[in-house]
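Structural overview
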Amino acid sequence: MASQTEDSIATLLGETSVLVPAGRSAERIADLSWWLFGSATLIWFVVLGLSVYAAYVRPGAHDVARVRLMIVGGGAVLPTILLGGVLAYSLWLMPQVKPPIPEGAVEIEVEGLRWWWRVRYASEEGGATEVANELALPVGRPAVLRLTSPDVIHSFWVPALAGKTDMIPGRETIIVLEPTRTGVFRGACAEYCGTSHALMNFAVLVLEPDAYEGWLARQGAPAQEPEGPLEARGAAVFREYGCGACHAIRGTQANGVVGPDLTHVGSRRTLGAGALPNTPEDYVDWIARTHEVKPDANMPPFGMLPDDDLAALAAYLDGLT
Amino acid sequence: MDERSDPIRNEDAPDELQARRETMFMIPAAPAIWAAHFLASYVTAAIWCAKIAGRDGSLEGARWLLAGYTGVALVAIAMIGVRGFRHHSYGDATAPHDFDTAADRHRFLGFSTFLLAALSFVAVIFVAMVVVFTETCR
């Protein structure tokens, strides 16, 4: 069961391969990887070929001058030239992997926290739309992500889109992403940051420009009203147990900033930054057994809630699409 | 064969080598220059970007300074390397120079110096290549 859940979470979070790039920087990195892999394979064959030659084809003593040439040439000069070439190629690629901030780029702030991601889209009216553990990008348009961390060093990595960029407390680092095809791509923290480091994932939705605008508008809208009596009961439970002290749901009185914004939590692909899929049962799991699902997470488990309340709360949150 | 009849072992150590106090400090000299060049390059670039050019500024001025450091470092390492090679080539013995004689000690110290100088020479070029391809502080 556990592995089935993990499989489904992996599917929900999206593509992860560095070798199947979906962004400009990742394409350059994949090129470099293939060159490195190709030249390493060639060197491997040459060394193995020479070993076979020396052991089987022409065993016995060899001409000393030629042997010395092989040792100095093949052991020192050639590797130096090859490494120099690889270094030059990767240094030449670096400015392309970290391009200057382009005009008209989408501006996004991303904060890495133990163990989730706070994402803010500045809106043209001056405010900001906050989401968590998920971000959307328009295909073919560069996006500038300003990365910060309030606690420890994290590292922002979406393998299919670009290389890693550290998020350092007290500093702002920048990464420019330019997706080249639509799809869902998995991002993760790439710098060990504590107990649940491995459960600090996010999904990047690369959308057509229209779909992106639609997504942003939906995420910027206030939460929808509870649809039925069960959801309304869930909203009341959310209020009564003080969930709003830590979580915000725009359009309600809940305006906490400690934990993730839950205004549209039902629309997200996973819960707890990739800890669980997003179904009503998963909400119950998350709320009642938080620390079993995600060890050391800041949120206290609410296992003492009556089952009815838990089910109502789950239905309410699941309905916040 | 009687050890004492080994022609290399019995090589006449000239008076100049017998009297000479060999120094080991030539061996780490070239790697020390490499380390100093590395440190100076990164400190210069860091100060340049933090205090002068700014986060997205041009690295131009710092690149010229680093070119200067690199020139000085390469010349110094080359001089050490040439000196090491001369010591290594003393007489007509070949490596590994592992006999307990004044002449072989002389050659061994020279050979180690030469090899480390060659490594340091390449390393300084590799360090300098960064600013050949990096034009800005970004």
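Predicted, not measured: the structure shown is a model, and the values here were computed from it.

Basis of the calculations
- Residues numbered from 1 in each chain as written.
- Chains lettered and ligands numbered in written order.
- Predicted model: local features only at pLDDT ≥ 70, side-chain atom pairs only at ≥ 80, totals over all residues.
- Heavy atoms only, no water.
- Helix = DSSP H or I, 4+ residues; strand = E, 2+ residues; numbered from the N terminus.
- Rg over C-alpha atoms; globule rule 2.2 N^0.38 Å.
- Buried < 20%, exposed > 50% of the residue type's maximum accessible area, 1.4 Å probe, protein only.
- Contact = heavy atoms within 4.5 Å.
- Areas by Shrake-Rupley, 256 points an atom, 1.4 Å probe, with all protein chains shown as cover.
- UniProt positions renumbered as here; feature names shortened; annotations may be inferred.
- Phe/Tyr/Trp six-rings, centres within 6.5 Å; stacked < 30°, edge-to-face > 60°.
- Pairing = 2+ DSSP bridges.
- Axes fitted to C-alpha atoms, helices over the stretch in contact; angles between N-to-C directions.
- Buried area = accessible area lost by both parts, 1.4 Å probe.
- Salt bridge = Lys/Arg side-chain N within 4 Å of Asp/Glu carboxyl O.
- Polar contact = N/O pair within 3.5 Å; in protein donor to acceptor, adjacent residues only side chain to side chain.
- Core = buried A, V, L, I, M, F, W, Y, C linked by side-chain atoms within 4.5 Å.
- Disulfide = S-S within 2.5 Å.

1. Some thoughts on the overall build of chain A
Along chain A, the regular secondary structure elements total eight helices and twelve strands. The C-alpha atoms of chain A give 25 Å as radius of gyration, which overshoots the globular expectation for 321 residues (20 Å, by more than 25%). In terms of principal-axis extent, the alpha carbons of chain A reach across some 90 × 45 × 35 Å. The buried share among the 321 residues of chain A stands at 40%. For chain A, long-range pairs separated by at least 24 residues make up 65% of all intrachain contacts whose partners lie at least 6 apart in sequence. A total of about 16500 Å² of accessible surface is found on chain A, and carbon and sulfur atoms cover 62% of it.

2. With respect to the side chain of His197 of chain A
Here His197 of chain A shows up in the loop between strand E9 (183-189) and strand E10 (201-207). The class of His197 of chain A is buried, set by a relative accessible area of 16%.

3. Overview of the UniProt feature "domain: Cytochrome c" (unreviewed entry) in chain A
In the numbering used here, UniProt assigns the "domain: Cytochrome c" (unreviewed entry) feature to residues 229-321 of chain A. With 40% helix and 4% strand, residues 229-321 of chain A has end C-alpha atoms that lie 17 Å from one another.

4. Structural notes on the packing of aromatic side chains
All names here are of chain A. Scanning all chains against the criterion turns up twelve aromatic pairs over all chains. Ring geometry for Tyr89 versus Trp92: centroids 6.1 Å apart, planes at 20°, classification stacked. Separated by three residues within a single helix, Tyr89 and Trp92 lie in helix H3 (residues 64-97), roughly one turn from each other. Given the relative accessible area of 24%, Tyr89 is considered partly exposed. Taken together, a centroid distance of 5.8 Å and an interplanar angle of 85° make the contact between Trp117 and Phe156 edge-to-face. Within this pair, whereas Trp117 is found in strand E2 (residues 116-122), its partner Phe156 is found in strand E6 (residues 154-157), the two being separated by 39 residues in sequence. Neither residue differs from the other here; Trp117 and Phe156 are each classed as buried. Taken together, the aromatic side chains of Trp35, Tyr89 and Trp92 make up a single cluster linked through ring pairs.

5. So, the sheet that holds strand E3 (residues 128-132) of chain A
Residue and element names in this part refer to chain A. Sheet architecture is open: five strands sit in the order E3-E2-E1-E5-E8, paired in mixed fashion. Sheet topology places E3 and strand E8 (173-177) at the edges, where each strand pairs with a single neighbour. Here the strands of the sheet are splayed against their neighbours by 25° on average, with no regard to which way each runs. Direction of pairing for E2 relative to E3: antiparallel, over a ladder of five bridges.

6. A few points about the interface of chain A and chain B
Many structure descriptions define interface size as the accessible area lost when the parts assemble. Between chain A and chain B, the residue contacts involve 14 residues of the former and seven residues of the latter. Of the roughly 960 Å² buried at the junction of chain A and chain B (both faces included), carbon and sulfur atoms supply 69%. On the chain A side of the interface with chain B, the three residues burying the most area are Thr80, Leu87 and Leu91 of chain A, jointly 39% of the side's total. At the boundary of chain A with chain B, the tally comes to zero salt bridges. In this structure, the connection of chain A to chain B is made through one residue pair in polar contact (both at pLDDT 80 or more). If you list the elements that add at least two residues to the side of chain A that touches chain B, you get H3 and E8 of chain A.

7. Some words on the nonpolar core
Residues and elements named next belong to chain A. Counting 34 residues, the largest nonpolar core has Ile108, Tyr121, Leu135, Leu145, Phe156 and Val204 as the members making the most contacts within it. Of all elements in the fold, only strand E1 (106-113), E2, strand E4 (134-138), strand E5 (143-148), E8, E9, E10 and helix H4 (209-220) reach the threshold of two or more residues within this core. Here the element with the most residues in this core is E10; it accounts for four residues. Among residues more than four places away in sequence, those in contact with Leu145 are Ile108, Val110, Leu135, Phe156, Thr173, Ile174, Ile175 and Leu177. Within the second largest apolar cluster, 26 residues are counted, among which are Val237, Ala254, Leu276 and Leu305.

8. Here's the deal with the state of the cysteines
As used in these notes, a disulfide is a covalent bond between sulfur atoms, one from each of two cysteines. Going through the model one piece at a time under the given rule, you end up with one disulfide over all chains. Note on cysteine connectivity: Cys49 of chain B is disulfide-linked to Cys137 of chain B, with sulfurs 2.1 Å apart. In this structure, the disulfide formed by Cys49 of chain B and Cys137 of chain B twists by about -85° around the S-S bond and is classed as left-handed. Of this pair, Cys49 of chain B sits in helix H2 (residues 26-53) while Cys137 of chain B sits in the segment after helix H4 (102-133), placing them 88 residues apart in sequence. The two residues Cys49 of chain B and Cys137 of chain B agree in class, both being buried. Not engaged in a disulfide, the cysteine Cys189 of chain A finds its nearest cysteine sulfur in Cys193 of chain A; these two sulfurs lie 3.9 Å apart.

9. As for the pattern of salt bridges
Pairing between side chains of opposite charge can happen when the charged atoms of each approach one another. Residue and element names in this part refer to chain A. This structure, assessed with the given rule, holds 15 salt bridges over all chains. Between Glu15 and Arg181 there is a salt bridge, with the nearest N and O atoms lying 2.9 Å from each other. Separated by 166 residues along the polypeptide, Glu15 in the loop between helix H1 (2-13) and helix H2 (24-57) and Arg181 in the loop between E8 and E9 bring together distant segments of the chain. Glu15 sits in the partly exposed class, given a relative accessible area of 32%. With a closest N to O distance of 2.9 Å, Glu130 and Arg118 form a salt bridge. Linking Glu130 in strand E3 with Arg118 in strand E2, this pair joins segments that are twelve residues apart in sequence. Across the pair, exposure class does not vary: Glu130 and Arg118 are buried alike. Via salt bridges that share partners, Glu109, Glu111, Arg118, Arg120 and Glu130 belong to a single interconnected network.

10. Considering the environment of Tyr241 of chain A
Mapped onto the secondary structure, Tyr241 of chain A falls in the loop between helix H5 (229-240) and strand E11 (270-271). If near-sequence neighbours (up to four positions away) are discounted, Tyr241 of chain A is found in contact with Phe302, Leu305, Pro306 and Asp309 of chain A.

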